[in-house]
Amino acid sequence: RYEPTWGSLDARPLPAWFDEAKFGVFIHWGVFSVPSFGSEWFWWYWQKEKREPYVKFMDTNYPPGFSYEDFGPLFTAEFFDANQWADILKASGAKYVVLTSKHHEGFTLWGSKYSWNWNAVDVGPKRDLVAELATSVRNRTDLHFGLYHSLFEWFNPLFLEDATNAFKTRKFPTSKSLPELYEIVTKYQPEIIWSDGDGNAPDTYWNSTGFLAWLYNDSPVRDTVVTNDRWGAGSICAHGGFYTCSDRYNPGHLLPHKWENCMTIDRSSWGYRRDARLPDYLAIEDLVKQLAETVSCGGNLLMNIGPTHDGRIPVVFEERLRQVGAWLKVNGEAIYGTKPWRAQNDTVTPGVWYTFSPEEGKVNAIFLNWPVSGILELGEPRPKLGETQVKLAGYKELLKWVALEEKGMVIALPQLTPQQMPCQWGWTLQLTAVN
């Protein structure tokens, strides 16, 4: 049994499925999807920081005295079809999904008995959105279902009172945050608890170690559940399950601890923005690059989309997800279930990232640029004459290669028309019998 101490909790082995999965989809959805302007931090930027674009947006478009709470009934989700979402998630090639069950605004996407009249069953959709998505994902896909939960809430009077008392009182976590966490685990049995938003309070204020000890010892998901590292000030990148370290974290080198790169397709927001323009969205080439870099350095990629207030996954997000899925259909062997190789990227040719498939003993070289010459030079692999074989994922014939003096090899790529290419954005060479 795990003790409620970081020493004991941090010694828990991460359930193997998470490292094997490599790729997940993050969904930021909530009342912030109604103004869908600027950022999911809309309420904070408008009311607390009084940032000019947000104040002006409200003054221009809403009557005087309109409050953030008034957005609640406008979060309608009339087009939300959990089966359709599940089918898009499946088509993306992702192996897990993480839904924001509650963001810093405090609005819960399930009918929480600890969030009276500020939840999706009492206000807005009048539906349990968490239950609907959990059911569809489990019925229609093999994805693991996870939930994001914000510990703090910007404007909750109980939290503000505790903060004024320098967190010596604990009214908010005992009456709101912790009961919600126990509620979502027992009700929805998520296999990921993605915690966030410590409000600069220490983990002792949140009783994070007490909750995690229960989660790992006695909860219905104790054997499979995976957690992140955002459990109180100072715990990020130091304690918990996998490390996130910061948003959009992509170190570019191997880390000793399992980590995740949570990032957004929309460069500047996690929630949906009606004012986003095409260049604000990462192209599929960018996403393939992020995936290759992240996995080669031992991380998982958690790619975020922001649905609309009426429950649609915007077409641009759907297209990106389906493109990643199409890429993974061809190159998935270089991603799923792989381990980092001794070199993460190539020393001679930029834009080449390595992974290792332990079962087949294969080295995968994912290269992002197809050379004009048709010749690819790799500085890292040490081939063995008469033994080493080189394949292009999605292409039948073996490729010809020659060894370089000290180490490395030169590979002749097949001459293919665009229609014959196995995929369009990034390709995988599979090398067997290399040192």
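Data block above holds the structure.
Residues numbered from 1 in each chain as written. Predicted model: local features only at pLDDT ≥ 70, side-chain atom pairs only at ≥ 80, totals over all residues. Heavy atoms only, no water.

A. Just the state of the cysteines, in detail. The tally for this structure, following the rule as stated, stands at one disulfide. Between cysteine 237 and cysteine 245 runs a disulfide, and the two sulfur atoms are separated by 2.0 Å. Between cysteine 237 and cysteine 245, the S-S torsion sits near 65 degrees, and that sign places the bridge as right-handed. Residue cysteine 245 is classed as buried on the basis of its relative accessible area, which comes to 14%. Sulfur of cysteine 262: no disulfide; nearest cysteine sulfur belongs to cysteine 245 and is 9.9 Å away. Overall, cysteine 262 belongs to the buried group, its relative accessible area being 0%. Here cysteine 297 stays unpaired: no disulfide links it, and the sulfur of cysteine 245, its closest cysteine neighbor, is 13 Å away. Classification of cysteine 297 as buried rests on a relative accessible area of 0%. (Disulfide = S-S within 2.5 Å. Buried < 20%, exposed > 50% of the residue type's maximum accessible area, 1.4 Å probe, protein only.)

B. Structural detail: the sheet that holds strand 12 (residues 401-403). The strand order across the open sheet built from three strands is 10-13-12, with neighbouring strands paired in antiparallel fashion. Looking at which strands have only one partner, the edges of the open sheet turn out to be strand 10 (375-378) and strand 12. For this sheet, the mean angle separating the axes of adjacent strands, direction not counted, is 15 degrees. Where strand 10 and strand 13 (residues 409-412) come together, four bridges link them in antiparallel fashion. Counted as the bridge partner of isoleucine 375 is alanine 412 from strand 13. (Pairing = 2+ DSSP bridges. Helix = DSSP H or I, 4+ residues; strand = E, 2+ residues; numbered from the N terminus. Axes fitted to C-alpha atoms, helices over the stretch in contact; angles between N-to-C directions.)

C. Looking closely at unusual backbone geometry. Non-glycine residue arginine 248 carries a positive phi angle of around 55 degrees. Judged by its relative accessible area of 36%, arginine 248 falls in the partly exposed class. Here alanine 433, not a glycine, exhibits a phi torsion of approximately 55 degrees, which is positive. In this structure, alanine 433 sits in the segment after strand 14 (427-432). Relative accessible area serves as the criterion here: at 26%, alanine 433 is assigned to the partly exposed category.

D. Quick look at the environment of glutamate 183. Position of glutamate 183 among the secondary structure elements: in helix 8 (residues 171-188). In the structure, glutamate 183 is positioned 146 residues away from lysine 329 in sequence and 37 Å away in space, judged by C-alpha atoms. In this view, glutamate 183 contacts Trp110, Gly111, Ser112, Lys113 and Tyr114; residues no more than four positions away in its chain are not counted. A polar side-chain atom of glutamate 183 sits 2.7 Å from a polar atom in the side chain of serine 112. (Contact = heavy atoms within 4.5 Å. Polar contact = N/O pair within 3.5 Å; in protein donor to acceptor, adjacent residues only side chain to side chain.)

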